[in-house]
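The primary structure of each chain is shown beneath.
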Amino acid sequence: MKKFLATAAVAGLAAAPALADDIKIGSVAGATGPIAELVAPILAGRNLAAEHVNAQGGLLGGNNMVLILADSQCDPKAGVDAGQKVVSVEQVVAVIGASCSGATNGMVQSVTIPAGIMSISDSATAPSITDLKDNDLVFRTAPSDAYQGAALAKLAWDAGYRKLAVTYSNDDYNAGIAEVFAASFQELGGEITANQLHEPNKASYRAEITTLSAGGPEGLALFAYYGGSGITIIRNSLETGAFGKFLAADGMFDASVIETIGAENLVGNLMITQSASDPENASYQLFAELYADSGFDPAAPYAAHGYDAAFLVALAIQKAGSADPALLPAALRDVANAPGEIIRPGEWEKAVALLAEGKDINYEGASGPVDFDAAGDVAGFYSVNTVGDDGQYVMDYIR
Amino acid sequence: MMEFLNFYLFPGILLGCIYALGAIGISLTFGILRFSNFAHGDTMVLGVYITLSFVWLTDLHPLVVMPLAMALTAFAMLGMDRAFFKPFRKSPPIMSVIASFGLMLMIRSAVQFFWGTQIQAMVKGIQPPLQWLQPLMLREKQLYILGGTVILMVAMHLLLTRTKIGKAMRAVSDNPDLAALTGINTERVVQATWILGASLAVAAGVFLALDTQVETNMGFKMLLPMFAAAILGGIGKPYGAVLGGMVIGIVEEVSAYPWIGTTPLLNPGYKAGVAFAIMVLMLIWRPQGLLRGRQF
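Just so it is clear, the structure is predicted and the values come from calculations on it, not from any experiment.

## What to know about the environment of Ala182 of chain A
Residues and elements named next belong to chain A.
- Its location among the elements puts Ala182 in helix 6 (residues 172-187).
- By relative accessible area, Ala182 is classed as buried at 6%.
- Sequence separation between Ala182 and Val387 is 205 residues; the distance between their C-alpha atoms is 24 Å.
- Residue contacts for Ala182: discarding those within four places in its chain leaves Ile192 and Asn195.

## Thoughts on the sheet that holds strand 1 (residues 22-29) of chain A
Residue and element names in this part refer to chain A.
- What the 5 strands build is an open sheet, ordered 2-1-3-4-5; its pairing is parallel. Each edge of the sheet is formed by a strand with only one pairing partner; in this case those strands are strand 2 (64-71) and strand 5 (138-140). Averaged over all neighbouring strand pairs, the angle between strand axes comes to 25°, with direction disregarded.
- When strand 4 (residues 118-121) meets strand 5, the two strands line up parallel, connected through 3 bridges. Looking across to strand 5, one finds that Ser121 is bridged to Arg140.
- Across the sheet, helix 2 (residues 36-55) is in contact with strand 1, strand 2 and strand 3 (94-96); its angle to strand 2 comes to roughly 165°.
- Docked against the sheet, helix 3 (residues 76-89) engages strand 1, strand 2 and strand 3, running at close to 150° with respect to strand 2.

## Focus on the layout of surface pockets
- Each pocket or cavity is described by its volume, and for the largest pocket that value is around 1400 Å³.
- Taken together, 50 residues line the largest pocket, and the ones lying closest to its centre are Asp75, Lys77 and Asn201 of chain A together with Phe220 and Lys221 of chain B.
- Secondary-structure elements contributing two or more residues to the lining of the largest pocket are helix 2, helix 3, helix 4 (101-115) and helix 8 (226-240) of chain A together with helix 4 (93-115), helix 9 (218-233) and helix 11 (271-285) of chain B.
- Along the lines of polarity and charge, the residues of the lining of the largest pocket split into 25 nonpolar, 13 polar and 12 charged.
- Counting residues domain by domain, the lining of the largest pocket receives three or more from each of domain 1 (20-145 + 280-363) and domain 2 (146-276 + 383-398) of chain A.
- Taken as a whole, the second largest pocket encloses approximately 570 Å³ of empty space.
- In this structure, the second largest pocket is lined by 24 residues; those nearest its centre are Glu37, Pro41, Asp254, Ala255 and Ala300 of chain A.
- Contributions of two or more residues to the lining of the second largest pocket are made by helix 2, helix 9 (255-261) and strand 14 (393-398) of chain A.
- Here the lining of the second largest pocket takes 7 residues from helix 2 of chain A, the largest share from any one element.
- The class makeup of the residues in the lining of the second largest pocket is 16 nonpolar, 4 polar and 4 charged.
- Domain assignment of the residues forming the lining of the second largest pocket places at least three in each of domain 1 (20-145 + 280-363) and domain 2 (146-276 + 383-398) of chain A.

Parameters at a glance
- Residues numbered from 1 in each chain as written.
- Chains lettered and ligands numbered in written order.
- Predicted model: local features only at pLDDT ≥ 70, side-chain atom pairs only at ≥ 80, totals over all residues.
- Heavy atoms only, no water.
- Helix = DSSP H or I, 4+ residues; strand = E, 2+ residues; numbered from the N terminus.
- Buried < 20%, exposed > 50% of the residue type's maximum accessible area, 1.4 Å probe, protein only.
- Contact = heavy atoms within 4.5 Å.
- Pairing = 2+ DSSP bridges.
- Axes fitted to C-alpha atoms, helices over the stretch in contact; angles between N-to-C directions.
- 1 Å grid on protein atoms, 1.4 Å probe; cavity = no way out; pocket = protein on both sides within 12 Å on 5 of 7 lines; lining within 4 Å.
- Points joined across faces, edges and corners; volume = space filled by probe spheres on them.
- Nonpolar A, V, L, I, M, F, W, Y, C, P; charged D, E, K, R; others polar.
- Domains from an automatic or database assignment.

Keep in mind that these numbers describe shape and distance, not what the molecule does.
Okay, structure coming up:
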């Protein structure tokens, strides 16, 4: 009798309709750590998408989309912990994040792939993520650095650099992009005088820099997180006079670089590529308007990608018709890729109505068309940032 | 030769000064309170942020307001000792270690809450090397660091050898039971330990911030080399901590020198490992440390 009651109770629970329930989605990000400033606008993007979903009727007919934040600290170990927290403790149906490539690699390999949970990263760009054996569970709205490294090499070549030293921080993201950059630069005919990894989080890099400067390089291609080693390396380089010119990628794109080093030392000497959103894209313009209230710049690195990742998860759940994790990857490809009627940021009600009619939709995101390829990657669009005389970054788009 | 001095040895000595100042507190806490204080790095961070706030308020040089920050941090540390460590004084040391771990996270989170996680500059911009020291390349801030370290070391030496409380500290560190029997007030010695350790940690932090920048994780980044320095020098021996800090700072930087040929002897990516290799070898061959500290 007891057993019967228990079975009945379980059956009752399972059959209960999910009325105005919360649907939990993990939001894993490096909220503290070496890129904390970069992560804040990305989180604002994710949260804005959830707000739009909830304000326009919610998920699956009235359920709240709830983002469960966990801090990955831009660190593989902390990324695994954060993934465990949202997947095992909070029982989320999908995960957005983690921010850094190392944290993402750790989280997906140890937690989300084994658990069969889909993840979409909005800022992990390491080429190594493309090749993961992920059972089609790992996606990203951030483009692989296979593109960004080549774009930066081309820029360096066009700017007249022929001999460069390369140094990269000992992590997945920076090692990945440094490799692509060095190969692309050499392919163009340039010479890499030294290519050396360094350990992040040290108080001084004077010895490394001096060693790197041997062989007469014209500049330093510096692949690091600004808060891990990037700022310290630029400072030590300028102080020792080893390097005066720097090339970098989006891990270095933060105002604190200019604030701590001083704009007068960087004008004309620093070039940072960044994964950007095309300002002429109608979806981006729509997003920029909606995002304005957040207090952050809509052009902040990966803010648009963060919005897209969260909005896509919501669309995938709606398309699948249930929050069953097993159905989400296929549904995600369905709503993100052509064909279908175009949905833009903020158009949740329209998307729900179209899906209800059984029509196909194609989300055109703020960060770009977000059409996932077989590996779950999207194509890239980049900007190059230099320091202007007013001490602010000046952004040009690479077309 | 000049290149070796300017780019490898001097940076190593500077780094050594910072490690040494930080390691003293760890070594003393270990010697007198008998536990490894993981919160030491974040005590440093707290002091650095207090200094930074004074710099913002008064626009004075960080070193001018540093003594005030040292006093405030030491005061805060006394409060935290009362709240988190005193209840465990008679318990096994592992309780205090865990408490210090919790305290570490609490201090860091509090700093992140009140001051934010952004990277700040203690002194903005780039300093050129001083002209009158050519061909030595030293900057004003580096002279401050070297000078400040020497002054603090001498002050610590005088405190430990010439004052009653300093002698009591050394006595408790050598043999706590015997010290208690001779009528030394252990609780006052404990307080003095926190004050000395916290003050020197703040100095180490401010020096580090002068040389690099201010961030909430800076204490945690320094924790491992500081522990390595304390163990290398001999646990409970403040002079050993100084020596250990210097050795680790110098070895870290000099290991990247191209001793043979033109490539670094050791890939600089692994220089952090050098400190630990030294520490492990030391623990195997001479567990009491360079200066015959306590063995565990």
